[in-house]
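Residues per chain, in single letters:
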Amino acid sequence: MSINLADDAVHALNRASAAAAREGAEAISPRNILAGIVSQRAPGLLELLDPLGLELEALPEEMRDLPETYHGHLPFTSDAHEVLAAAVTAASESGGGATTSGHLLLGVARAGDALARQALEEWGLAEDALAAALVPQPDGDADTVSATPAAGTVLLVALSIALACTGDTVPDPSQDTGDPFASTPTDGALPEIGPAPPDYVPTAAGAPSTDIWLGRLGRDEQGGLVVSGLSNGTDRDGYDNQPAFDPAGDVIYYTAAMDSTQTDAFRYLVEDGATEQVTHTPDASEFSPTPIPGQAAFSAIHEKNGLQYLWRYGVDGSELGPIFATAEPVGYHAWADERTVAMFILGSPPTLQVGDALSGEIRVVAENPGRSIHRIPGSSEISFVRKVDDEEWWIERLDPGSGDSERIVRTLPAREDHAWTPGGEILMGDGTVLFAWSGDAGWREIADLGAGSGDISRIAVSPDGSRIALVRNRTDEGG
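Keep in mind that what you see is a predicted model, and the values were worked out from it rather than measured. (Residues numbered from 1 in each chain as written. Predicted model: local features only at pLDDT ≥ 70, side-chain atom pairs only at ≥ 80, totals over all residues. Heavy atoms only, no water.)

With respect to a negative patch on the surface
- Negative charge collects at one region of the surface, where E47, D50, E55 and E57 lie side by side.
- For E57, the position within the fold is in the loop between helix 3 (43-49) and helix 4 (61-64).
- What makes E57 exposed here is its relative accessible area of 52%. (Patch = residues over 30% accessible without salt bridge, like charges linked within 9 Å, V, L, I, M, F, W, Y side chains within 5 Å. Areas by Shrake-Rupley, 256 points an atom, 1.4 Å probe, with all protein chains shown as cover. Salt bridge = Lys/Arg side-chain N within 4 Å of Asp/Glu carboxyl O. Lys, Arg positive; Asp, Glu negative; His and termini not counted. Charge placed at Lys NZ, Arg CZ, Asp CG, Glu CD. Helix = DSSP H or I, 4+ residues; strand = E, 2+ residues; numbered from the N terminus. Buried < 20%, exposed > 50% of the residue type's maximum accessible area, 1.4 Å probe, protein only.)

Considering the side chain of S29
- Inspection of the secondary structure assignment puts S29 in the loop between helix 1 (7-23) and helix 2 (30-39).
- Excluding residues within four positions of it along the chain, S29 makes contact with T77 and A80. (Contact = heavy atoms within 4.5 Å.)

Looking at the sheet that holds strand 17 (residues 393-398)
- On the basis of which strands lie adjacent, the open sheet formed by four strands has the order 15-16-17-18 and antiparallel pairing. Looking at the sheet topology across the chains shown, the edges are occupied by strand 15 (369-375) and strand 18 (405-410). When the angles between neighbouring strand axes are averaged without regard to direction, this sheet yields 30 degrees.
- By the bridge criterion, four bridges tie strand 15 to strand 16 (residues 382-387) in an arrangement that is antiparallel. Among the inter-strand pairings, R375 is bridged to a residue of strand 16, identified as I382. (Pairing = 2+ DSSP bridges. Axes fitted to C-alpha atoms, helices over the stretch in contact; angles between N-to-C directions.)

Regarding the pattern of salt bridges
- Throughout the structure, instances matching the rule amount to 20 salt bridges.
- We note a salt bridge from R219 to E425, for which the minimum N-O separation is 2.9 Å. A residue pair is termed long-range when its members are at least 10 positions apart, and R219 in strand 1 (residues 210-219) and E425 in the loop between strand 19 (418-420) and strand 20 (426-430) qualify at 206 residues.
- For R219, a relative accessible area of 35% translates into the label partly exposed.
- Note on E425: relative accessible area 7%, which makes it buried.
- Taking the shortest distance from any N to any O, the salt bridge between R407 and E392 comes out at 3.9 Å.

A look at unusual backbone geometry
- Cis rather than trans, the peptide bond between E328 and P329 has omega equal to -5 degrees.
- Within the fold, P329 resides in the loop between strand 10 (319-322) and strand 11 (330-335).
- Of note, the phi angle at S288 is positive, near 50 degrees, even though the residue is not glycine.
- Residue placement: S288 occurs in strand 7 (residues 285-291).
- Within the chain, N368 stands out as a residue other than glycine whose phi angle is a positive 55 degrees.
- One can find N368 in the loop between strand 14 (362-367) and strand 15.

Details of empty space enclosed by the protein
- Taken as a whole and assessed by the stated rule, the structure comprises three cavities of 30 Å³ or more.
- The volume enclosed by the largest cavity comes to roughly 920 Å³.
- Lining the largest cavity are 40 residues; nearest its centre among them are A244, F245, T290, H374 and R375.
- Counting residues per element, the ones that place at least two in the lining of the largest cavity are strand 3 (239-245), strand 7, strand 11, strand 15, strand 19 and strand 23 (456-461).
- No other element matches strand 15, which puts five residues into the lining of the largest cavity.
- Residues belonging to the lining of the largest cavity are distributed by class as follows: 22 nonpolar, eleven polar and seven charged. (1 Å grid on protein atoms, 1.4 Å probe; cavity = no way out; pocket = protein on both sides within 12 Å on 5 of 7 lines; lining within 4 Å. Points joined across faces, edges and corners; volume = space filled by probe spheres on them. Nonpolar A, V, L, I, M, F, W, Y, C, P; charged D, E, K, R; others polar.)

Describing the sheet that holds strand 8 (residues 297-304)
- With respect to topology, four strands assemble into an open sheet ordered 7-8-9-10, the strand pairing being antiparallel. The open sheet has two edge strands with one neighbour each: strand 7 and strand 10. If you compare each strand with its neighbour and ignore which way they point, the axes differ by 30 degrees on average.
- Looking at chain direction, strand 7 and strand 8 are connected through five bridges and run antiparallel. The residue bridging S285 from the neighbouring strand is E303, located in strand 8.

Side note on the pairing of strand 22 (residues 442-448)
- Pairing geometry for strand 21 (residues 433-438) and strand 22, over six bridges, is antiparallel. By the bridge assignment, L434 is partnered in strand 22 with A447.
- The turn linking strand 21 back onto strand 22 is made up of three residues.

Looking at the nonpolar core
- Ranked by internal contacts, the top residues of the largest apolar core, which has 43 residues, are I33, I37, L105 and W123.
- Looking at this core, the elements that each hand over two or more residues are helix 1, helix 2, helix 3, helix 5 (78-93), helix 6 (101-111), helix 7 (114-123) and helix 8 (127-134).
- Here this core takes seven residues from helix 1, the largest share from any one element.
- Not counting chain neighbours up to four residues away, the residues in contact with I37 comprise A12, L45, S101, L104, L105 and V108. (Core = buried A, V, L, I, M, F, W, Y, C linked by side-chain atoms within 4.5 Å.)

Here it is as structure tokens:
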């Protein structure tokens, strides 16, 4: 049975797991699901609740202030199973679309245990009013067909949802679900890549010597971020850079230059401490390997003879081909969702462009961006650095759909590499010091790696917020 979960429902259940873990529980209860729903403050849910006169601030604080941090996904209690099945049923009754956090809330109201339903009663939620609000306005005279999962499918519903809730969806390579992308770019035919120009110098020739360090990311008793257990995962002379965690957080994809002419995609197995070469393309280089949401595939910059396209590869390293034909030269990129990608396009000036991999539409949304582009956890928004001038750089939040952006905070002076924690903090390095920003505390130092260690550049955080990867320049001492 296939369960269609909207992004806000996935993140709500991730937070529910965090709520259960915080209590020391071994399984997720309906009250945990309720906490997960309300704590993320999904815009669609807020819009749904506003006409009902319900405010999240009226709920207990422990429900409203729950960060999306967890360590794996806990099982559901039998009562929570019933909530999930009721939510899927509610989605079917309201039109058959994806199950949203609003449907999860209705599932708690209909099938939650006594504690969860008491919390909703004290909040003032009326089940009938919520159900009515979830039903879209009819369009024409088409009949609406409702389908209710049979009782025997309740556990299957819960299992399907649990498999979907691991930060971003972890694809199962053994299941042939069909390729969501076209075999050729939908924006046109890829131009023929001819011989390299006489002055062509491979990017690998100028790559610095860097290492990827890995550690744990936790919190102290006051809730502040703490970095521990840092160790060098790629301790060698050469370029090891551009780390990106897979959705499960136990594999890091990265770029490595094995000589001065060639780079390939590699992966580091965090638990085993082992490294595997993924791509073997003697006539091209790969940069910035990045898992594609919902696919057993990753994207990377494919550089050949001075041209740079966004390319797709299977997790076994097989070439699946270009994603766009008219976006070139691509320098960096980040996926907002399963089809939408933000791309740094080199030029004078460089631009930030948003592409739809299914339709082939590509739009310019900003000029003079920096290289650090990231999906903001718990959303399909993108953060990027806008360089107003040499002295003024801002981290901005982009809505890929509308192309609108807003400023979040100024970067540390002359620094652009940043990453997000699931709790909403921004991390940046300045020399050997790691800083974190939050809306209430501003920039603050969270770790000093010490004199003699390499400076920090790129940063990656695992989807569950428990691991961190830092790119650092190598020092004379080999660190």
